Amino acid sequence: MLRAIIFDMDGVLLDSESRHYQVLRQLLGEYGYCYTREHFLQYCGIPEYDMWPKLLQAAKIDADPEILQQEHQGRYRADREKHGLPRSPGLGQFLCRLKQHGYDLAVASGSAPKTISENINLLGYASYFDQIVSAQNCPHAKPEPDVFLFAARQLGVQPKECLVIEDSRNGMLAAKRAGMPYVGFYGAEVRPDMSLAQFKFCDYRTTTPEQLVQWYHGQ
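A short tour of the structure in this document, coming up. (Residues numbered from 1 in each chain as written. Predicted model: local features only at pLDDT ≥ 70, side-chain atom pairs only at ≥ 80, totals over all residues. Heavy atoms only, no water.)

Section: the overall build of the chain
And step 1. Counting secondary structure elements, the chain contains nine helices and six strands.
And step 2. Dimensions of the chain, computed from C-alpha atoms along their principal axes, come out at roughly 50 × 35 × 30 Å.
And step 3. Buried positions account for 52% of the 219 residues belonging to the chain.
And step 4. Sequence-distant contacts, at least 24 apart, represent 66% of the contacts inside the chain between residues at least 6 apart.
And step 5. Of the accessible surface of the chain, which amounts to about 10200 Å², a share of 46% is contributed by carbon and sulfur atoms.
And step 6. Computed over 23 positive and 26 negative side-chain charges, the inter-centroid distance for the chain is 4 Å. (Helix = DSSP H or I, 4+ residues; strand = E, 2+ residues; numbered from the N terminus. Buried < 20%, exposed > 50% of the residue type's maximum accessible area, 1.4 Å probe, protein only. Contact = heavy atoms within 4.5 Å. Areas by Shrake-Rupley, 256 points an atom, 1.4 Å probe, with all protein chains shown as cover. Lys, Arg positive; Asp, Glu negative; His and termini not counted. Charge placed at Lys NZ, Arg CZ, Asp CG, Glu CD.)

Set out below in structure tokens:
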């Protein structure tokens, strides 16, 4: 029986992925590296402390990964302050309907705990979520299942009683390894890799809790 819905954050609760992509493309371009959508999708869902060393090695850029990580986050924050949070249309009403149906809700993200809480509060959605979990508090990040298994334990439910909503291939692999059914969300401007998603949707305004139940039982 479906008891809980677990959301990724970036690209699912807000379209931050598109903004991150543009910031990274500009930043790495300053080092002479052509950062493409394919590169972005390869590292999507992986925490930055894991991403930057691998990315710089692959790009053959001689730079301090911690400094570039800080520069990336600083530029992203400046963009957010200028343009506001990139909201997913209809999400607030969707979360409200899920709570009315009695589901427990959690956020399970690779972002830092402070970043997750800050974004959820700025969006005004904090009251909907029973648990907020960061992969940085787990032994392994996505595509390993740790963050989803931790979220299930915090909610007091079994992995098989959860449905994960993800936008990245690494996140879907993590859900699969956790033994959790999952659906793909592709409402972001930079269209994510949905090749692992048997079921997927792109608009919270036209998706219902009943559809989630159907997708849950269809896996």
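Focus on the pattern of salt bridges
Oppositely charged side chains may form a pair once their charged atoms are brought near each other.
And step 1. Counted under the stated rule, the structure contains 11 salt bridges.
And step 2. Its salt-bridge partner being Lys-142, residue Asp-8 comes within 3.0 Å of it at the nearest N-O pair. With Asp-8 in the loop between strand 1 (4-7) and helix 1 (16-29) and Lys-142 in the loop between strand 3 (131-134) and helix 7 (146-155), this residue pair connects regions lying 134 residues apart in the sequence.
And step 3. You can call Lys-142 buried: its relative accessible area is 4%.
And step 4. Of the charged contacts in the structure, one is a salt bridge between Glu-30 and Arg-75, with a shortest N-O distance of 3.0 Å. (Salt bridge = Lys/Arg side-chain N within 4 Å of Asp/Glu carboxyl O.)

Here we look at the packing of helix 1 against helix 3 (residues 48-59)
And step 1. Two elements in contact, helix 1 and helix 3, have axes separated by 13 Å at closest approach and are oriented at 40°. When the interaxial angle is binned, helix 1 and helix 3 end up oblique. Between helix 1 and helix 3 lies a crossing of right-handed hand. For the pair helix 1 and helix 3, contact is made by Leu-24, Leu-27 and Leu-28 and by Met-51, Trp-52 and Leu-55, respectively.
And step 2. Within the contact of helix 1 with helix 3, the residues separate by chemical class into six nonpolar, no polar and no charged. (Axes fitted to C-alpha atoms, helices over the stretch in contact; angles between N-to-C directions. Parallel < 35°, antiparallel > 145°, perpendicular 65-115°, else oblique. Left-handed = near helix turned anticlockwise from the far one by under 90°. Nonpolar A, V, L, I, M, F, W, Y, C, P; charged D, E, K, R; others polar.)

Section: helix 9 (residues 209-217)
And step 1. Along helix 9, the positions that sit buried rather than exposed are Pro-209, Leu-212, Trp-215 and Tyr-216. Projected down its long axis, helix 9 shows its buried positions confined to an angular sector of 115°, all on one face. For helix 9, the exposed residues lying more than 90 degrees away from the buried face are Gln-214 and His-217.
And step 2. Against the buried residues of helix 9 lie strand 1, helix 5 (91-100), strand 4 (162-166), strand 5 (182-185) and strand 6 (200-201). (Arc of directions from axis to C-beta.)

So, the pairing of strand 1
And step 1. Neither face of strand 1 is left uncovered, since the one carrying Ala-4 and Ile-6 and the one carrying Ile-5 and Phe-7 both have all their residues buried.
And step 2. Of the pairings in the sheet, the one linking strand 1 to strand 2 (residues 104-109) comprises four bridges and is parallel in character. Residue pairing for strand 2: Ala-4 is matched across the bridge by Asp-104.
And step 3. Pairing of strand 1 with strand 4, which is carried by four bridges, proceeds in the parallel orientation. If you follow Ala-4 over to strand 4, its bridge partner there is Cys-162. (Pairing = 2+ DSSP bridges.)

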